[in-house]
Amino acid sequence: EVISTGDVVGDISEKDMRRIQIRETILSHFEKEEKLFNMGIKTLSLFFIDEVAKYRQYDENGDEMLGEYGEMFEQEYTSILNDNLTMFDTDYQKYLRNTCSDVTKVHRGYFSIDKKGRSVDSSVKRGSDISDDISAYDLILKNKERLLSFDEPTRFIFSHSALREGWDNPNVFQICTLKHSDSQTLKRQE
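Residues numbered from 1 in each chain as written. Predicted model: local features only at pLDDT ≥ 70, side-chain atom pairs only at ≥ 80, totals over all residues. Heavy atoms only, no water.

A. Just the sheet that holds strand β7 (residues 156-159), in detail. Across the sheet, which stays open at both edges, the four strands sit in the order β4-β7-β1-β8 with parallel pairing between neighbours. Strands at the two margins of the open sheet, each flanked by one partner only, are β4 (107-110) and β8 (172-178). Shown here is a sheet whose adjacent strand axes are inclined to one another by a mean of 20 degrees, direction ignored. Summarising the sheet, strand β1 (residues 44-49) and β7 pair through four bridges and their orientation is parallel. Within β7, the position partnered with F47 by the bridge is F158. Against the sheet, helix α1 (residues 14-37) touches β1, β7 and β8, its axis set at about 180 degrees to β8. The sheet contacts of helix α2 (residues 68-84) involve β1, β4, β7 and β8, and relative to β7 the element is tilted by about 165 degrees. (Pairing = 2+ DSSP bridges. Helix = DSSP H or I, 4+ residues; strand = E, 2+ residues; numbered from the N terminus. Axes fitted to C-alpha atoms, helices over the stretch in contact; angles between N-to-C directions. Contact = heavy atoms within 4.5 Å.)

B. Examining the pattern of salt bridges more closely. Enumeration according to the criterion identifies seven salt bridges in this entry. Residues R19 and E76 are paired through a salt bridge, measuring 2.9 Å at the closest nitrogen-oxygen approach. Here E76 lies in helix α2 and R19 lies in helix α1, a separation of 57 residues in the sequence. Under the relative-accessibility criterion, R19 is labelled partly exposed at 22%. Take E76: its relative accessible area is 10%, and that puts it in the buried class. (Salt bridge = Lys/Arg side-chain N within 4 Å of Asp/Glu carboxyl O. Buried < 20%, exposed > 50% of the residue type's maximum accessible area, 1.4 Å probe, protein only.)

C. View of the packing of α1 against helix α3 (residues 91-98). For the pair α1 and α3, interaxial distance at closest approach is 9 Å and the crossing angle is 125 degrees. By the criterion of interaxial angle, the relationship of α1 to α3 is oblique. The handedness of the crossing between α1 and α3 is right-handed. Counting all contacts with α1, which are made through F30, E33, E34 and F37, the residues of α3 involved are D91, Y92, Y95 and L96. (Parallel < 35°, antiparallel > 145°, perpendicular 65-115°, else oblique. Left-handed = near helix turned anticlockwise from the far one by under 90°.)

D. Structural context of the side chain of Q93. Topologically, Q93 is positioned in helix α3. Under the relative-accessibility criterion, Q93 is labelled buried at 3%. Only 2.8 Å separates the side chain of Q93 from the backbone nitrogen of T86, close enough to count as a polar contact. With near-sequence residues (within four places) excluded, Q93 lies in contact with N84, L85, T86 and F88. (Polar contact = N/O pair within 3.5 Å; in protein donor to acceptor, adjacent residues only side chain to side chain.)

E. Looking closely at the packing of aromatic side chains. Within this structure, the stated rule accounts for 14 aromatic pairs. Arranged with centres 4.3 Å apart and planes meeting at 25 degrees, the rings of Y55 and F158 form a pair that is stacked. A residue pair is termed long-range when its members are at least 10 positions apart, and Y55 in the loop between β1 and β2 (56-58) and F158 in strand β7 qualify at 103 residues. The residues Y55 and F158 share a single accessibility class, namely buried. With 5.7 Å between their ring centres and 20 degrees between their planes, F73 and Y77 make a pair best called stacked. Placement of both F73 and Y77 in helix α2 is noted, with a separation of four residues, approximately one turn of the helix. These aromatic residues form a ring-pair network of at least three members: F30, F47, Y55, F73, Y77, F156 and F158. (Phe/Tyr/Trp six-rings, centres within 6.5 Å; stacked < 30°, edge-to-face > 60°.)

Structure follows, in structure tokens:
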């Protein structure tokens with residue numbers, strides 16, 4: 001059987017594809033991270049999402065809860081972390097146990113913040129593929145030094161609009177696009 005690009009064989013849902021993308025990004029992250037850790041280079045992975053609600057939501061009391069992608073990430077990360085922990089007492093293993101074992105601290109979303117302190121989904125200008133949310137971009141830039149520190153457990157970033165002008169961080173080694181886009185320019189930027 002010949003399978004071409006874009007062909008689907010079997011019963012694969014959009015949700016299953018997103019889970020596989022998240023899992024593969026985490027696996028690739030761990031592989032690169034272990035190699036770069038002893039060189040003093042912190043590895044970051046970036047997920048582009050199409051709507052904030054898929055990463056973070058709020059219940060009827062206004063309490064923050066994980067969205068679909070956040071839940072998938074935490075499930076896959078926990079499983080992969082457990083597979084990568086060994087009994088060896090290397091510096092990298094210590095780092096994983098001490099800094100990276102709390103799944104809730106290793107991923108963060110950078111989105112615009114509303115007046116109540118909640119994340120809001122930024123709107124895309126009519127006739128444009130680029131969000132008019134500048135604060136997410138600024139937040140990443142303002143915290144860059146802290147983000148690159150091994151003391152900061154955040155290693156996975158979920159973003160909706162980090163590319164207004166283009167965000168460059170040499171420590172991002174994996175980029176996972178969990179959204180659809182018809183814009184060739186935006187795809188190339190990402």
